[in-house]
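Structure at a glance
The primary structure of each chain is shown beneath.
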Amino acid sequence: MTSSKPMLFPSLSLAQMEALARYVGSCLRKGDIVTFSGDLGAGKTSFARELIRSLSAKNVQVTSPTFVIMQSYDVKLADGSPEQLWHLDLYRIKNEKEVQELGLEEIWPHVTLIEWPDIIKNTLSKKRLDIVFNFVPFKDSRKLSFTGDDYWQEKLQSFEETA
Ligand SMILES: Nc1ncnc2c1ncn2[C@@H]1O[C@H](COP(=O)(O)OP(=O)(O)OP(=O)(O)O)[C@@H](O)[C@H]1O
Ligand SMILES: [Mg+2]
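Note that the structure is a prediction, hence the values are computed from the model and not measured. (Residues numbered from 1 in each chain as written. Chains lettered and ligands numbered in written order. Predicted model: local features only at pLDDT ≥ 70, side-chain atom pairs only at ≥ 80, totals over all residues.)

1. A word on helix H4 (residues 150–162)
To keep it simple, the criterion reads: Only runs of H or I of at least four residues qualify as helices and only runs of E of at least two qualify as strands under DSSP, and these elements are numbered from the N terminus. Helix span is expected to be 1.5 Å times the residue number reduced by one. Residue burial is a threshold on neighbouring C-beta atoms within 10 Å of the residue's own C-beta, all placed from the backbone, with 20 or more meaning buried, 12 or fewer meaning exposed, and counts in between meaning partly exposed. This arc is taken over the directions from the axis of the helix to the C-beta atoms.
With 13 residues, H4 should cover 18 Å at 1.5 Å per step; its first-to-last C-alpha distance of 19 Å lies within 8% of that length. All of the buried residues along H4 are Trp152, Gln153 and Leu156. Buried residues of H4 fall within an arc of 105° about the axis and therefore sit on the same side. Looking at H4, the residues exposed on the side facing more than 90 degrees away from the buried face are Asp150, Glu154, Gln157, Ser158, Glu161 and Thr162.

2. Concerning the environment of glutamate 105
Assignment of secondary structure puts glutamate 105 in the loop between helix H3 (96–101) and strand E5 (111–115). With 8 C-beta atoms counted inside 10 Å, the residue glutamate 105 sits in the exposed group. Expressed as a C-alpha distance, the spacing of glutamate 105 and phenylalanine 9, which sit 96 residues apart in the sequence, is 32 Å.

3. Side note on the pairing of strand E4 (residues 82–89)
Our working definition: Pairing between strands requires that DSSP locate at least two bridges from one strand to the other. By convention, orient the strands away from the viewer: a clockwise path from the first strand over the helix to the second makes the crossover right-handed.
Inspection of the sheet shows strand E3 (residues 70–76) paired to E4 by seven bridges, in the antiparallel sense. Residue pairing for E4: tyrosine 73 is matched across the bridge by leucine 85. Hairpin connection, E3 to E4: the antiparallel pair is bridged by five residues, and glycine 80 has positive phi, about 90°. Relative to E5, E4 runs parallel, the two being bridged by five bridges. Bridge assignment links aspartate 89 to a residue of E5, and that residue is glutamate 115. Crossover handedness for the path E4 to H3 to E5: right-handed.

4. Quick word on the nonpolar core
Spelled out, the test is: In plain words, the nonpolar core is the set of buried Ala, Val, Leu, Ile, Met, Phe, Trp, Tyr and Cys residues that C-beta atoms within 7 Å link up. Contact between two residues is assigned whenever their backbone-derived C-beta positions fall within 7 Å.
Phe36, Leu51, Leu113 and Ile131 are the most contacted members of the largest nonpolar core, which has 27 residues in total. Looking at this core, the elements with two or more residues in it are helix H1 (14–27), strand E2 (33–38), helix H2 (44–54), E4, E5, strand E6 (129–135), strand E7 (142–148) and H4. The dominant element in this core, judged by the number of residues it contributes, is H2, at four residues. When sequence neighbours within four positions are dropped, the list of residues in contact with isoleucine 131 reads Val34, Thr35, Phe36, Leu144 and Phe146.

5. Structural notes on the pairing of E7
Of all seven residues making up E7, five are buried, and the element is well covered by its neighbours. Relative to E7, strand E1 (residues 7–12) is paired through four bridges, and the arrangement is antiparallel. When the bridges of E7 are listed, methionine 7 appears paired with phenylalanine 146. In terms of strand pairing, E6 meets E7 through seven bridges, oriented antiparallel. Looking across to E7, one finds that isoleucine 131 is bridged to phenylalanine 146. Between the end of E6 and the start of E7, which pair antiparallel, lie six residues, with phenylalanine 138 showing a positive phi angle near 65°.

6. Quick look at the site of ligand 1
Defined as follows: Nearness rests on one distance test: the residue's C-beta atom, set from the backbone, must lie within 6 Å of the molecule or strand. Polar here means any residue outside two lists: the nonpolar Ala, Val, Leu, Ile, Met, Phe, Trp, Tyr, Cys and Pro, and the charged Asp, Glu, Lys and Arg; Gly therefore counts as polar.
By nearness alone, 17 residues border ligand 1, and Gly43, Lys44, Thr45, Ser46 and Arg142 come closest of all. Of all the elements in the fold, those that place two or more residues in the shell around ligand 1 are H1 and H2. When residues in the shell around ligand 1 are grouped by element, the largest group, three residues, is from H2. Looking at the shell around ligand 1 residue by residue, the class counts come to six nonpolar, seven polar and four charged.

And the structure:
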């Protein structure tokens, strides 16, 4: 990862976080990977759901993949190209053998969102965006911290300037 320091959004309401999710969605290209880490129940699925909805046909249902582990969606990227988007939740994956059984090599050419990525993090391409979600004490909002390669640094900078 070429980036130095993470970009911080110290207190985002659900609506503000969803606006950022739609923006990240609009920047996605074929092959992109976004990871979601941090506190349990801090908003990872909510972010992914809004991102997926913004790239999907109306009325698509996005449920948490905690139990199914991986779920795919037909989306349209910002340039209009149809693509497969995979939403993963690796919380329940506990060892290398279980990772192998997922057949992840098939999905990397598409677009991948990964909740609880720690078990595979050191095998992931460095060309990606990592988002960490944390609770904000005494507030109904969340702190989001973004670390990405040069492409994502530039995109997030532009979002911050227009926000
Ligand atoms: N920015 C936010 N501000 C306030 N509430 C939020 C925000 N983001 C999410 N929430 C709420 O937090 C709760 C948990 O959200 P969500 O299921 O998305 O978390 P998660 O990180 O995916 O959980 P898990 O760790 O179990 O995968 C939901 O009720 C959701 O509406
Ligand atoms: Mg979740």
